[in-house]
Amino acid sequence: RVLSETRSTVGAFRRHISVVIDGPASVRSYEFCTWNAVISGNVPAASYQWGGVASGSGSSITDVVSSTGTLSVVVYDAYGRGNVHELLVTVDDNGP
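Source: prediction; values computed, not measured.

Undergrad: What am I meant to see in the side chain of Ser72 here?
TA: Looking at the element boundaries, Ser72 is found in strand β6 (residues 69-77). Residue classification places Ser72 among the buried residues on the basis of a relative accessible area of 17%. Look past the residues within four positions of Ser72 in its chain and what remains in contact with it is Ile21, Gln49, Trp50, Gly51, Val84, His85 and Glu86.

Undergrad: Teacher, can you tell me more about the confidence of the model for the protein chain here?
TA: Should pLDDT be low for a region, the predicted coordinates there are not to be read in detail. Residues with a pLDDT of 70 or more make up 82% of the protein chain, whose mean pLDDT is 83. Confidence, expressed as mean pLDDT per element, reaches its minimum in the protein chain at helix α1 (residues 2-14) with 38 and its maximum at strand β5 (residues 60-64) with 96.

Undergrad: In this structure, what is going on with the sheet that holds strand β3 (residues 32-40)? I would like to understand it.
TA: The pairing of strands in a sheet happens through backbone hydrogen bonds and is either parallel or antiparallel. What the 3 strands build is an open sheet, ordered β1-β3-β5; its pairing is antiparallel. The open sheet terminates on both sides in strands that have one partner only, identified here as β1 (18-22) and β5. Taken over all neighbouring pairs, the strand axes of this sheet differ in orientation by 25° on average, direction set aside. With 5 bridges connecting them, β1 and β3 associate as antiparallel partners.

Undergrad: Help me understand the nonpolar core, please; the structure alone is not making it clear to me.
TA: The nonpolar side chains of a soluble globular protein tend to be buried with one another. Ranked by size, the top nonpolar core spans 17 residues in total, and within it Ile21, Trp35, Trp50, Leu71, Val73 and Val89 carry the most contacts. Elements that contribute at least two residues to this core include exactly β1, β3, β4 (45-52), β6 and β7 (82-91). Not counting chain neighbours up to four residues away, the residues in contact with Val89 comprise Pro24, Ala25, Val27, Trp35, Val53, Val65, Ser67, Thr68, Gly69 and Leu71.

Undergrad: Looking at this structure, how should I read the sheet that holds β4?
TA: Strand order in the open sheet formed by 4 strands is β2-β7-β6-β4, and the pairing between neighbours is mixed. Both edges of this open sheet fall to β2 (26-27) and β4, since each of them pairs with a single strand only.

Undergrad: Hey, could you run me through unusual backbone geometry in this one?
TA: You will see that Tyr30, though not glycine, has its phi angle at about 60°, which is positive. Within the secondary structure, Tyr30 is located in the loop between β2 and β3.

Undergrad: Explain the environment of Val74 here, please?
TA: Residue placement: Val74 occurs in strand β6. Judged by its relative accessible area of 23%, Val74 is partly exposed. Put simply, Val74 and Ser18 are 56 residues apart on the chain and 9.5 Å apart in space, counted from C-alpha to C-alpha. For Val74, the residues in contact, after removing those within four places along its chain, are Ser47, Tyr48, Gln49, Asn83 and Val84.

Cut-offs and rules
- Sequence order as written defines residue numbering, which begins from 1 separately in each chain.
- The predicted origin of the model limits local features to residues at a pLDDT of at least 70 and limits the giving and counting of side-chain atom pairs to 80 or more, whereas totals for whole chains, interfaces and linings rest on all residues.
- Excluding hydrogens and water, the side-chain figures rest on all heavy atoms present in the structure.
- Strands here are runs of E lasting at least two residues and helices are runs of H or I lasting at least four, both read from the DSSP assignment and numbered beginning at the N terminus.
- Burial classification: accessible surface area is computed with a 1.4 Å probe over protein chains only, and a residue below 20% of its type maximum counts as buried, one above 50% as exposed, and the rest as partly exposed.
- In this description, contact between two residues means that some pair of their heavy atoms is separated by no more than 4.5 Å.
- pLDDT runs from 0 to 100 and stands for how confident the predictor is about each residue.
- For two strands to pair, DSSP has to find at least two bridges joining them.
- Axis definition: a line fit to C-alpha positions, over the contact stretch in the case of helices; interaxial angles, taken between N-to-C directions, run 0 to 180 degrees.
- Each nonpolar core is a collection of buried residues, namely Ala, Val, Leu, Ile, Met, Phe, Trp, Tyr and Cys, held together in the definition by side-chain atoms within 4.5 Å.

Laid out in structure tokens, this is it:
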């Protein structure tokens with residue numbers, strides 16, 4: 001019985017956090033937009049770090065993008081394990 005509890009606990013530490021950016025991939029220049037970090041993996045996030053065409057440190061950011069580029073978010077869990085997701089954000093002033 002103790003062995004199965006130990007395996008269960010070890011298995012919990014093997015879970016990794018994963019993240020996907022939810023938000024627009026095409027924006028108008030100098031328009032405020034919001035992106036969210038959607039996490040999965042049954043591991044709570046401890047910190048978020050956004051970079052690239054927008055920056056911030058929360059689970060979501062609202063920012064203005066002036067040129068096409070990559071938006072990235074790195075999410076770390078309480079054990080220091082991280083994962084990153086990148087999204088190409090295109091500026092298109094001719095869109096809807």
